[in-house]
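Coordinates in review
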Amino acid sequence: MSRPVLLLLQLLVAVIALGLWQFFATVEVFGKMLLPPFFFSTPVDVFSQIVKWFSSGVIWKHLFITLWESILAFVIGSIGGVLVGFWFARKPLVAAVFDPYVKMINALPRVVLAPIFALWLGLGIWSKVALGVTLVFFIVFFNVYQGVKEVSNTVLDNGRMLGMNERQLMRHVYWPSALSWMFSSLHTSVGFAVVGAVVGEYLGSAAGLGYLIQQAEGVFDVAGVFAGMFVLSAFVILIDMGVTLVERRLLVWRPAAAEGRG
């Protein structure tokens, strides 16, 4: 399927979904409103709220703060996940010793950590970054760990027979093997980095998209709540597109990547 056709189908899904939402929120079906506007708002009202935010400029400050928190959480969590994932995969004894502790920490509900980070780090950006890091780190860590562990022993043996040392094996065997797994996790991590930032803002902050959503919810402004969520969604898609561009550059050797560039 060509790229333009795929984009057209994706746009069609969005148009149908929004059209059904507008219809059921404004037209009674069998004498009953299926999506009462007080609880669900309408796409027209949500779009009007988004336009109002951008035209007045009120959203730019909040958008920048959430963007900065998300990028910091994404970068710190990803780098930490990659480094620790490689370390654990190359040191089986270390992985075996810390395995129960990693699983225990990963099982902790992150929402519970948000107030603790706010207590430790204050209500500034770093408490939100810390929450986002806890979400991103484990996703990247487990994928990189598995990617390195999945390296074929035959490939490793062939590399050693050709005289490769550990540094060369890391560069030419382990790293390419882990890249596919790593980028798969990074696409998921983008959304979680934003979630961490927004949840932290929602629970305690004076700025950010999470703060805007919390303020709208406090005055029963359903259109404002949905507007904030739509802006967040677009926000995540843009960051994910950036990750995709980097992925295509680094994974140019893959047949699928090469075809996509052609």
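Rules used in this analysis
Residues numbered from 1 in each chain as written. Predicted model: local features only at pLDDT ≥ 70, side-chain atom pairs only at ≥ 80, totals over all residues. Heavy atoms only, no water. Patch = residues over 30% accessible without salt bridge, like charges linked within 9 Å, V, L, I, M, F, W, Y side chains within 5 Å. Areas by Shrake-Rupley, 256 points an atom, 1.4 Å probe, with all protein chains shown as cover. Salt bridge = Lys/Arg side-chain N within 4 Å of Asp/Glu carboxyl O. Helix = DSSP H or I, 4+ residues; strand = E, 2+ residues; numbered from the N terminus. Buried < 20%, exposed > 50% of the residue type's maximum accessible area, 1.4 Å probe, protein only. Contact = heavy atoms within 4.5 Å. Polar contact = N/O pair within 3.5 Å; in protein donor to acceptor, adjacent residues only side chain to side chain. Phe/Tyr/Trp six-rings, centres within 6.5 Å; stacked < 30°, edge-to-face > 60°. Expected span 1.5 Å × (residues − 1). Arc of directions from axis to C-beta. pLDDT = per-residue confidence, 0-100.

Considerations on a nonpolar patch on the surface
On the surface, a nonpolar cluster with roughly 840 Å² of combined accessible area is contributed by Trp87, Leu93, Val97, Phe98, Tyr101, Met104, Ile105 and Leu108. Top element by residues in the nonpolar patch is helix α5 (residues 92-106). It accounts for six residues. Mapped onto the elements of the fold, Tyr101 is located in helix α5. For Tyr101, a relative accessible area of 49% translates into the label partly exposed.

Here's the deal with the side chain of Ser70
Within the secondary structure, Ser70 is located in helix α4 (residues 58-90). What Ser70 contacts, discounting residues up to four positions off in sequence, is Ala193, Val194, Ala197 and Phe235.

Observations concerning the side chain of Glu201
With respect to the element layout, Glu201 can be found in helix α9 (residues 166-203). Within the local environment of Glu201, its side chain forms a polar contact with the side chain of Thr66, the two groups lying 2.9 Å apart. At a separation of 2.8 Å, a polar atom in the side chain of Glu201 contacts the main-chain amide nitrogen of Gly210. Ignoring any residue separated from it by four or fewer positions in sequence, one finds Glu201 in contact with Ile65, Thr66, Glu69, Lys128, Ala207, Gly208, Leu209, Gly210 and Tyr211.

A short note on the pattern of salt bridges
Applying the stated rule across the entire model yields one salt bridge. Between Asp99 and Lys103 there is a salt bridge, and its shortest N-O distance comes to 3.2 Å. Of the two residues, Asp99 and Lys103 are both situated in helix α5; the distance of four residues between them amounts to about one turn of the helix.

Regarding the environment of Gln49
In this fold, Gln49 is placed in helix α3 (residues 43-56). For the pair Gln49 and Gly224, spaced 175 residues apart in sequence, the C-alpha to C-alpha distance is 6.4 Å. Every residue in contact with Gln49, bar those within four places of it in the chain, is listed here: Asp221, Ala223, Gly224 and Ala227.

What to know about the packing of aromatic side chains
Inspection of every chain in the model, using the stated rule, returns 14 aromatic pairs. Centre to centre, the rings of Phe38 and Phe39 are 5.1 Å apart; their planes meet at 90°, and the pair counts as edge-to-face. The burial state of Phe38 is the same as that of Phe39; both residues are exposed. The rings of Trp87, Phe88, Phe98, Phe137, Phe138, Phe141, Phe142 and Tyr145 are connected pair by pair, giving a single aromatic cluster.

Re α3
Along its 14 residues, α3 runs 20 Å from first to last C-alpha, staying within 8% of the 20 Å computed at 1.5 Å per residue. Considered for burial, the residues of α3 that qualify are Pro43, Val46, Gln49, Ile50 and Trp53. Looking straight down α3, one finds its buried side chains confined to an arc of 125°; they lie on one side. Across from the buried face of α3, at angles greater than 90 degrees, the exposed residues are Phe47, Lys52, Ser55 and Ser56. With its phi angle positive at about 80°, Gly57 sits one or two positions after the end of α3.

Some words on the confidence of the model for the protein chain
The predicted model of the protein chain has a mean per-residue pLDDT of 84, with 94% of residues at 70 or higher. Predicted confidence in the protein chain is weakest over helix α12 (residues 255-261), with a mean pLDDT of 45, and strongest over α3, with 92. Predicted confidence for residues 257-262 stays below pLDDT 50, and this span has five contacts to residues more than four positions away or in other chains.

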